[in-house]
Amino acid sequence: MSNIYEERVIMIAAGDLQEFVPFGRDHCKHHPNALNLQLRQLQPASELWSSDGAAGLVGSLQEVTIHEKHKECWQLRKGISDVGEEVDYDEELYVAGNMVIWSKGSKNQASAVYKAFTVDSPVLQALWCDFFVPQDKSEKTEGSGEVVEKCICILQSSCINIHSIKGKDYIASLPFQVANVWPTKYGLLFERSSSSHEVPLNPIREPLPTMFSMLHPLDEITPMVCKSGAGLFGSPRVQYVADYSMRIVFLNAEPSIVMTYDFTQSLHTVWALRRVKPEERSAVLKLSEQVGTPQHAAASSSFTVQLRSLSKGDSPVVSPFQNYSSIQSQSRSASSPSIHSRSPSISNMAALSRSHSPALGVHSFSGVQRFNFSSHTQSPKRYSLCQSPNNTSTDSVFAPETELIVPELCIDHLWTETITNTREKNSQASKVFITTDLCGQRFLCYLVESQLQLRCVKFQESNDMSQLIFGAVTNIQAKDAAPVESVDTMLVLECNGNLILYTGVVRVGKVFIPGLPAPSLSLSISNQMPCPSTPLDNMNTPSKPLNKHLGPFDEQGVLSPVPELRDSTRLQDSSYIDDCAFQQLAMFIHSVRDPVQNRVTLDLSNGSMVRITIPETATSELVKRCLQGIKYILPKEVAVQMLVRWYNAYNAPGGPSYYSEWNLFVTCLMNMMGYNTDRLAWTQNLDFEGSLSPVIAPKKARPSETGSDEDWEYLLNSDYHKHVETHPLAKALQLDPLEVRFPKDNLSPSHCLDSSTLLFPHIPAIFCVLHLIYEELKLNCLMGEGIRSLVVLLVQLARDLKLEAYLDYYYRDYPVLVKASRQTCIIDPAQTGFMHHPTFFSAEPPSIFQWLSSCLKGESVPPYPYLPGICERSKLIVLSVVLYIFGDERAVSNEASNYLTKITSGQRKQQTEQEEYACSLRHSTSTSSLAEKLVIWMTNVGFTLGDLESLPFGVALPIRDAIYHCRQQPASDWPEAVCLLIGRQDLSKQACEGNLPKCKATDTQVLSSEVPSTTESEEEDDGMNDMNQEVMSLIWSEDLRVQEVRKLLQSAHPVRVNVVQMPEVSDHEYIEEKENRLLQLCQRTMVLPLGRGMFTLFSHHPVPTEPLPIPKLNLTGRAPPRNTTVDLNSGNIDVPPNMACWANFHNGVAAGLKIAPASQIDSAWIVYNKPKNAELANEYAGFLMALGLNGHLTKLATLNIHDYLTKGHEMTSIGLLLGVSAAKLGTMDMSITRLLSIHIPALLPPTSTELDVPHNVQVAAVTGIGLVYQGTAHRHTAEVLLSEIGRPPGPEMEYCTDRESYSLAAGLALGMVCLGHGSNLIGMSDLNVPEQLYQYMVGGHRRFQAGMHREKHKSPSYQIKEGDTINVDVTCPGATLALAMIYLKTNNRSIADWLRAPDTMYLLDFVKPEFLLLRTLARCLILWDDILPSSKWIDSNVPQIVRENSVSLHATEMPSSEDLNLETLAQAHVYITAGACLSLGFRFAGSENLAAFNCLYTFAKDFMKCLSSATASIAGHYNLETCLSVVLLSLAMVMAGSGNLKVLQLCRFMHKKTGGEMNYGFHMAHHMALGLLFLGGGRYSLSTSNSSIAALLCALYPHFPVHSTDNRYHLQALRHLYVLAAEPRLLVPVDVDTVTPCYSLLEVTYKGTQWYEETTEELMAPTLLPELHLLKQIRVKGPRYWELLIDLSKGVHHLKSILSKDGVLYVKLRAGQLSYKEDPMGWRSLLAQTVTHRNADARAFKPEAISAFTSDPALLSFADYFCKPATSMKKKLEVFDLFSSILYECVAQENPEMLPAYIAIDQAVRRLERREMSETFDLWQIKLVLEFFNSRSHQERVRKDPHRGLFMNSEFLPVMKCSIDNALDQWLQAGGDVCLHSYLSGQPADESQLGLLACFLVYHSVPTPGQLLAGGLEGSTSFSELLLKFKPLKLPVRALLRLAPLLLGNPQSMVL
């Protein structure tokens, strides 16, 4: 019988069978490229690189059609999702012919092609591989921020294509024929195919490597190194892998191992694959420099490159390396691999082999060709090199043009199989895999098909995790095998066609495949065993258990771990019988392939394939947990056997449904423990269809249709009946409980346990583990059903193990369930000796609730036991409570042992010692309070809101309390997960966007809205369409100033030319008049782009596939009334040539500056924008400069930069040089320096050819040098620039025109290089920089020209006669500003005095008035801290003589004076005043300082008055206009970005003035002022850092061009450098729920300075913040929004990153509040209304009003369903009121998450009052809640911070507590005392009272009777004695008061 039984039980049903066809096969037929390829192959062979182009038409067609079928192959893997969540589908890689098809799909998800690739020659192999790209190129250490590039690699005969998922593709040509490619953990591994004639001809030559690695598609292919066992002298030998007889058969990534097979020895070897260590690398490379005799030299240097001459190309040994090409290896020198070697080589087709014959390949000097494949001798030169005596250093060996290949990977020997006697030649493994058994032991299995053997080697990591240790080999007879990963088993196909499941080397059972005929059919026929269709078919009586078939497992039924030895004979016989049976069956399994997770494909003999799934070990959470625990605690061998039995029982064919999984588990487990489950009442009733209804289950195969009494009894005894009795419905209907007559079985005597069973010795250990799992499940509200199931099993075990304490404990938890089961099974006392009582067994049951309760009371607690990996939640709760209540921070770092004991089974090493505490508080995040520490720790261990919601409310309360307090005042820099946990979506969204790389989608859509379409329908793009209207309408909500600015700055529409025709004017003259008027207006139009660039700064993210639209600059006009077009090109008037060329340049800059720095732009896009027609070249030049200013020009390839410069287009060169320099600001970048030097004659060596560089380009280049070297104080640069300020004109008219701008540029550049260094210019004292500059400024004798440029200046200019004095008019401005910048903010008085304006008339005559402006400006910038925002201070800069005698700005009539030149004085006065105003602008740039604004505004008004007064002619109109422009610019600087209305009015007034003196330059100044005022649409402001001031000095140089082509004094392009001073400072609050910008109140705290104390001011955001270095902190203020603090004292990075991402700061409205837009005064907020009614009546809160408090749908529907009484429910009103007030409380206090807890408490109390407590779970929670609020730590927190929000209503808990006390006391008085007395004295109590008795015991913490007896309480006579005796039991006094009457033996006199 036993054999048949075994056959019957050990069948495993495989899941759903499905026909399998590789998806790619089908797709290939329809793939479009199949046809195109045929056409391509018809082209002449010369144009193809495919292998057989020459074969002509027939050959190619034949190949496509006929061979296609044979070449197909595919592989599957588990689907990998990009994001990292669990996905369950297969990915398939299918190869046929030239195609590779990658598809994804599964049985419940249709397959779809993900990518399809077609290549030009047949695909040899396709595979997946991940490459690691180190982030930091300098460190190649492992794991230093590496980025994984997931790729697919396609191998062809001559090259390998690599395509990454991100869309990069690479082609690497192969230097040799590849036999195989393997993906590794590090990259690819190639095996070179070795042919027979490659065996070395002469014995001296070393063989060539056979294995190579490539770590990245752009890296070189390098040979591998192998480190094998000890050599002759005991040290392991390191050498290249060059053994031809070694072939790789398997390669695995985790653990990283390689398995090879040696043909000559027929042995398999396992190696560890790792990166090469430096010492091994050098050891291998040293081989190349062994000094020796000439014969040996040839061999020893065979690893260095032999550059052979091309004539000897066809040497006898054909080199497989020759068609390898690598352009990079030439450019890389041994010392420094150049930067370019990593950039993808332009796939050089020429280098790919055009033919298959390797000898005709292209000989490129490539990396791998350095292996000497030829047998010809080397050149004598090499000999001498190799033998030079002093070549100790490796470098001396290298030929200058080559370098050695440095190996990257190494294989390290681990294990070789033992040599067997009968060694067969071809025993190479055909399939190798790694499998894990059910207990986590790993095996390496390899299938030797020739011997039909599967060999399994167990391996494990050594204790220090450094290497793998391999064990013995086990052989299993097999024809094929495959691992089943997710079930930890493997499928073995035996020789006779049976599919057997093994776990490790233990046989689990035969797999039964429904729908395939079983090969063992013949066997079962011969044994005459009927094959039942279902195990349930022969049941007759309902009271008999079902487990006949599952009943007591036959001990012999399970195979021993090594099955072949015992029953090999039987296997042989059966295979013979089976084979006979096969002849009749057409289909049998041929092989197994493609295992993924638990799916595997069976290849059938008729050529079709089916895919089956191997069933899981368990599906229900509860069974999984128990199995895990039991597996953890048992010895491995026992565990495996237990799991095998369970697996067989669970997966028997026709097995159980989902519901009854637990019942099956219990039965199976108890049978294995030695119970006879047939005899136990409760296991009999475990009905296998679960708790649906018992009527269905027992009537399976019942012959009679009539009922019987037994049926009724069965029904009464069923679980179902008990559930109904305790069901609330039964109570509501007031059904009487039915009398249950005890069934007959119970009368039979209790039976003994069978002590010979597998798990009998381990019962106590299993009991312990199950108890801990029971405690763990209590912490998950969702597992209530499971807990009830588990407790029944635990009660049975506790009763049989005679553990009274545990029984009492379970009784208190589930009084109803425990009283129901009574039956004990006797364990033979003699046998108890065999039981292992584990060390961790405790007499007192560990209880997590009890433990927490003691914690909260502050008692000392024993460590709580937990199972690592299984009871994770218990561990988490224990540690978090310890941290929060005890305040012990060590608990979460590593000192957890005081609070937790880890349970381990004695037999195992502690493998699971992963200390997760190591993720203690990360120090990056700032924490102060315990609450914060707790929250951050919980996030680090992965605790989420979902976990929190499933915790019982009492346990969750401390955590919720911590969360509540963190929510009130969180830090702004916490990671996203923490913010999610504390429920601050505003912060989590902020954190989340902070981590994302900024892409277009995240931020711009937050804040972008469609532009309101303007009135004209054919609205042309005026370049201002991308502005963010939504934010601007919030900043300037009262008026339409933004539209006004747009109108003023648009240059794309024709202007209105309004000229009235006088009667005497002829038509022709009238036309000329109109055109002249238009010419005047065009002076203004041409500067508008400058202002527009400022207005639209960084406002747009371009689409990378479209060119950037550049709005056209429209210089035509329309004349009213007939709207006729006026054009300048009509030829009627003289128009200056090239008038618009700079205007177009500015237009291009304005367009380019729209692009935000964070946009995704690459070199290709920049080139793609290049216009086709030459007229737009100027715009493109400006566009390039703009890209430099916003930092994108660094992406432009050097090649393209070179292209642009060689065109010789002046504007393009200017834009490009300035752009590149601005992008590389202050980096001293060498390549850019070289680029600039070519354009600056002074930086070239004296002998170099004179390049003809246009003057403006030189100016740009000089400024560029200043930018690149900004702040570096680089000596050589400073020296050259210093001499360039005074560069004299040359003989041939060189340097003669526009000298001023060059000198100024040199001065500005010098100032930038030494910016702010003052007197600390290290190493420059001999240059006398300040003195030299002073001389340039005031004039004098020219010094002798030092330096290398003497030669050039020998002969003076023939035109310009300056003599040998300095021409101050040229050099003064540059020198003055250079001094200002060098001594910027240094407050150096002595230098400042040089710059004081002269105070005598005589001296005043020597200085141009304009220079006085510059001197005053320079002086003030040096004395930075003296600048005060008052007109008094400004006047103090004017010398006395000027002040007293000059005309005041207000005077009306002309004063007269003889001895003084009034004109000089007046001009000096206005210029000095303007200079002082400008310095005020610099000092308060971007600060919106009110005093500075008022002061400057009055001066601007004064100048305007003065212009229109009679005295204007003294100072000169031009001078006054200049000064007015300067003052206007200063005003705009102070108010930058603020859009101030008064300044806007001034600008608009100036915009309207177009006639008279208003030239191009003044318009430029006015519109720059307008642009600055609205900088970046209000998002940007100016900074006052040194580098910003330098940039602004260049941009706002106060001498403006006279006409549009005027660059004489200052290069116009420099006007755009203001961008370098702009910084984003707008903070935009965005409501996190609606994702729209909103208003919110900010409180900004300034640090104290010498001028003011630390102050706080309130701003309404969106607002421009002050400069960040001035601030201490910013806080979003309540009461409307959640508070949020950004602390800047810790660093400004966080705020900076927010500001740079459009300044989006997420804020969250508090409950019941409206936004400022809807409710500006705050009178409509709900709290304002309810506060007035609150005291009168709680019902004032109408549930309808909830929607204003919260948008949470759950709360809204709660209000709908639970707070609005229906008409029929009058008497329940108080419940509704209670719910309404609870809801109000939660929402107003903003902790809606407490709503379920409130309601649960209320419900529990009501149940208790109705006496319907069937379990005491809720009572425990209420107890924990009360204890938490009474705990000392909580009281202290409340005392410290009395204002903190109420976490739970202070009135609610006392009321509930009172209700519970009353209910229990009433029960005591109504007869409960008797029941309690009998319990305490240990007698059985009244059945009906058990529920409330348990509630009483739990609530009052009454000790167990055992503890009471031990305390000797019997003889007590007085209450005081009791108090003393109860002290150790820690019983609360209020409980003792209730017990005292009983204990004092006087049950009647209750003293309450």
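Treat the numbers as computed from the prediction; the structure is a model and nothing was measured.

The rules behind these values
- Residue indices follow the written sequence of each chain, beginning from 1 at its first position.
- In keeping with the predicted nature of the model, local features appear solely for residues at pLDDT of at least 70, side-chain atom pairs appear and are counted solely at 80 or more, and the whole-chain, interface and lining totals rest on all residues.
- Excluding hydrogens and water, the side-chain values take into account all heavy atoms of the structure.
- Note on conventions: DSSP H or I runs of at least 4 residues are helices, E runs of at least 2 residues are strands, and numbering of each starts at the N terminus.
- Here, residues are in contact when the closest pair of their heavy atoms is within 4.5 Å.
- Here, Shrake-Rupley sampling with a 1.4 Å probe gives the accessible areas, and only protein chains in the shown set may cover a residue.
- Strand pairing is assigned whenever DSSP identifies at least 2 bridges connecting the two strands.
- To get an axis, a line is fitted to the C-alpha atoms, and for a helix only the part in contact is used. The angle between two axes follows their N-to-C directions and goes from 0 to 180 degrees.
- Pairing of aromatic rings covers Phe, Tyr and Trp, the last counted by its six-membered ring, and requires centre-to-centre distances within 6.5 Å; plane angles under 30 degrees mean stacked, over 60 mean edge-to-face, and any other angle means tilted.
- Burial classes: relative accessible area under 20% of the type maximum marks a residue as buried, over 50% as exposed, and values in between as partly exposed (1.4 Å probe, protein chains only).
- Geometrically, a lysine NZ or arginine CZ counts as sitting over a ring once it is within 6 Å of the ring centre and also within 35 degrees of the ring normal.
- To estimate how far a helix should reach, multiply one less than its number of residues by 1.5 Å.
- Residues enter a patch when their relative accessible area is above 30% and they make no salt bridge; the linking distance is 9 Å between like charges and 5 Å between nonpolar side chains (Val, Leu, Ile, Met, Phe, Trp, Tyr).
- Each salt bridge in this description consists of a side-chain nitrogen of Lys or Arg and a carboxyl oxygen of Asp or Glu lying within 4 Å of one another.
- What is meant by a nonpolar core is a set of buried Ala, Val, Leu, Ile, Met, Phe, Trp, Tyr and Cys residues, joined one to another through side-chain atoms within 4.5 Å.
- Roughly parallel here means an angle under 35 degrees, roughly antiparallel means over 145, roughly perpendicular means 65 to 115, and every remaining angle is called oblique.
- A crossing counts as left-handed when the near helix is turned anticlockwise from the far one by less than a right angle, and as right-handed when that turn is clockwise.
- Amino acids are sorted into nonpolar (Ala, Val, Leu, Ile, Met, Phe, Trp, Tyr, Cys and Pro), charged (Asp, Glu, Lys and Arg) and polar (every other residue, Gly among them).

**Some details on the overall build of the chain**
On a plain count of helices and strands, the chain comes out with 71 helices and 46 strands. A separation of at least 24 residues holds for 70% of the contacts in the chain among residues at least 6 apart in sequence. Total accessible area on the chain stands at roughly 84600 Å², and carbon and sulfur atoms take up 56% of it.

**Observations regarding the sheet that holds strand 25 (residues 480-484)**
Overall, mixed pairing links the five strands, which are arranged 1-28-27-26-25 in an open sheet. With one partner strand each, in any of the chains shown, strand 1 (11-13) and strand 25 form the two edges of the open sheet. Going across the sheet, the axis of each strand differs from the next one's by a mean of 35°, ignoring polarity. Here strand 27 (residues 499-503) pairs with strand 28 (residues 506-512) via four bridges, running antiparallel. When the sheet's bridge partners are listed, Leu501 is paired in strand 28 with Gly509. Packed on one face of the sheet, helix 13 (residues 636-650) meets strand 1, strand 27 and strand 28 and runs near 10° to strand 28.

**Some words on the sheet that holds strand 13 (residues 211-214)**
Taking strand neighbours across the sheet as the criterion, the four strands line up as 11-12-13-14 in an open arrangement whose pairing is antiparallel. In the strand order of this sheet, the two ends are held by strand 11 (178-183) and strand 14 (222-223), each with one partner.

**A closer look at the packing of aromatic side chains**
For any pair of aromatic rings, the description rests on two quantities: the centre-to-centre distance and the angle between the ring planes. Tallied over the full model, the rule gives 39 aromatic pairs. Ring centres 5.7 Å apart and planes at 85° place the aromatic pair Tyr261 and Phe263 in the edge-to-face group. Given a relative accessible area of 0%, Tyr261 falls into the buried group. The class for Phe263 is partly exposed, based on a relative accessible area of 37%. By the ring-pair criterion, three or more aromatic residues cluster together here, those being Phe767, Tyr774, Tyr806, Tyr809, Tyr810 and Phe841. Positioned over the ring face of Tyr1716 is Arg1680, at 4.1 Å from the centre of the ring.

**A look at helix 46 (residues 1368-1382)**
Since the α-helix turns once every 3.6 residues, residues separated by three or four places project in the same direction. Here helix 46 is 15 residues long and its end C-alpha atoms lie 20 Å apart, about the 21 Å a rise of 1.5 Å per residue gives. Within helix 46, 13 of the 15 residues are buried, leaving the element largely enclosed by the surrounding structure.

**Looking at a nonpolar patch on the surface**
The grouping of Tyr1402, Leu1403 and Phe1406 at the surface amounts to a nonpolar patch, some 380 Å² of accessible area in total. By the secondary structure assignment, Phe1406 is in the loop between helix 48 (1401-1404) and helix 49 (1409-1422). When its relative accessible area of 59% is taken as the criterion, Phe1406 is described as exposed.

**Comments concerning the nonpolar core**
Counting residues in each nonpolar core, the largest one holds 227 residues, and the members touching the most others are Leu499, Leu759, Leu770, Leu790 and Tyr810. Top element by residues in this core is helix 67 (residues 1852-1880). It accounts for 12 residues. When neighbours within four sequence positions are excluded, Leu770 is seen to be in contact with Cys626, Ile630, Leu669, Leu790, Leu793, Leu794 and Leu797. Membership of the second largest hydrophobic core comes to 220 residues, among which are Leu1196, Ala1222, Ala1532 and Leu1611.

**Quick look at helix 34 (residues 1067-1085)**
Between the first and last C-alpha of helix 34 there are 26 Å, a value that for 19 residues agrees with the 27 Å anticipated at 1.5 Å per step. All of the buried residues along helix 34 are Tyr1070, Lys1074, Glu1075, Leu1078, Leu1079, Leu1081, Cys1082, Gln1083, Arg1084 and Thr1085. Those residues of helix 34 that are buried lie in contact with strand 34 (1055-1056), helix 35 (1088-1095), strand 35 (1117-1119), strand 36 (1124-1126), helix 56 (1541-1552) and helix 57 (1560-1573).

**Thoughts on the side chain of Ser1833**
When you line up the elements, Ser1833 lands in helix 66 (residues 1832-1840). On the accessibility criterion, Ser1833 (12% relative accessible area) is buried. The residues contacting Ser1833, other than those within four sequence positions of it, are Tyr884 and Ile885.

**Comments concerning the packing of helix 24 (residues 872-886) against helix 26 (residues 930-940)**
With their axes 9 Å apart at the nearest point, helix 24 and helix 26 run at an angle of 160° to one another. With respect to helix 26, the axis of helix 24 lies roughly antiparallel. Helix 26 is crossed by helix 24, and the crossing has right-handed handedness. Contact residues: Leu876, Leu879, Ser880, Leu883 and Tyr884 in helix 24; Leu930, Ala931, Lys933, Leu934, Trp937 and Met938 in helix 26. When the residues that make up the contact of helix 24 with helix 26 are grouped by side-chain class, the tally is nine nonpolar, one polar and one charged.

**Some thoughts on unusual backbone geometry**
Here Glu254 and Pro255 are connected by a cis peptide whose omega angle stands at -10°. For Pro255, the position within the fold is in the loop between strand 17 (246-252) and strand 18 (257-262). For the bond from Ala1661 to Pro1662, the omega torsion is 5°, close enough to zero to count as cis. By the element assignment, Pro1662 lies in the loop between strand 42 (1656-1661) and strand 43 (1663-1664).

**What to know about the pattern of salt bridges**
Side chains that differ in charge, positive against negative, can pair when their charged atoms come close. Within the structure shown, the criterion is met by 49 salt bridges. Salt-bridge contacts for Arg788 lead to Glu1815; the nearest nitrogen and oxygen are separated by 3.3 Å. Separated by 1027 residues along the polypeptide, Arg788 in helix 20 (residues 784-800) and Glu1815 in the loop between helix 64 (1795-1809) and helix 65 (1817-1830) bring together distant segments of the chain. Judged by its relative accessible area of 22%, Glu1815 is partly exposed. With a closest N to O distance of 3.8 Å, Arg1934 and Asp1861 form a salt bridge. On the criterion of sequence distance, the pair formed by Arg1934 in helix 71 (residues 1933-1943) and Asp1861 in helix 67 is long-range, its members being 73 residues apart. Owing to a relative accessible area of 12%, Asp1861 belongs among the buried residues under this scheme. Here the residues in one salt-bridge network are Lys227, Arg274, Glu280 and Asp412, joined through shared partners.

**Regarding the environment of Pro615**
The topology assignment puts Pro615 in the loop between strand 31 (609-613) and helix 12 (621-633). A C-alpha to C-alpha distance of 9.6 Å links Pro615 and Ser486, two positions 129 residues apart in sequence. Not counting the four nearest positions on each side in its chain, Pro615 is found in contact with Ile12, Ala13, Ala14, Gly15, Val487, Tyr647 and Asn651.

**Considerations on the side chain of Thr1085**
Within the secondary structure, Thr1085 is located in helix 34. Here Thr1085 is in contact with Ser1051, Val1055, Leu1113, Asn1114 and Leu1115, once residues within four sequence places are set aside.

**So, the packing of helix 64 against helix 67**
Two numbers describe how helix 64 lies on helix 67: the axes approach to 9 Å, and their chain directions differ by 20°. With respect to helix 67, the axis of helix 64 lies roughly parallel. The hand of the helix 64/helix 67 crossing is left-handed. On helix 67, the residues touching Tyr1798, Ile1801, Asp1802, Val1805, Leu1808 and Glu1809 of helix 64 are Phe1852, Leu1853, Met1856, Ser1859, Ile1860, Ala1863 and Leu1864.

**Comments concerning the environment of Trp851**
The residue Trp851 is located in helix 23 (residues 848-857) in this model. What makes Trp851 buried here is its relative accessible area of 5%. In this structure, the C-alpha to C-alpha distance between Trp851 and Val861, residues 10 residues apart in sequence, is 6.9 Å. Those residues in contact with Trp851, other than ones at most four positions away along the chain, are Val861, Pro862, Pro863, Tyr864, Val878, Val882 and Tyr899.

Such coordinate-based values are descriptive only and should not be taken to indicate function.
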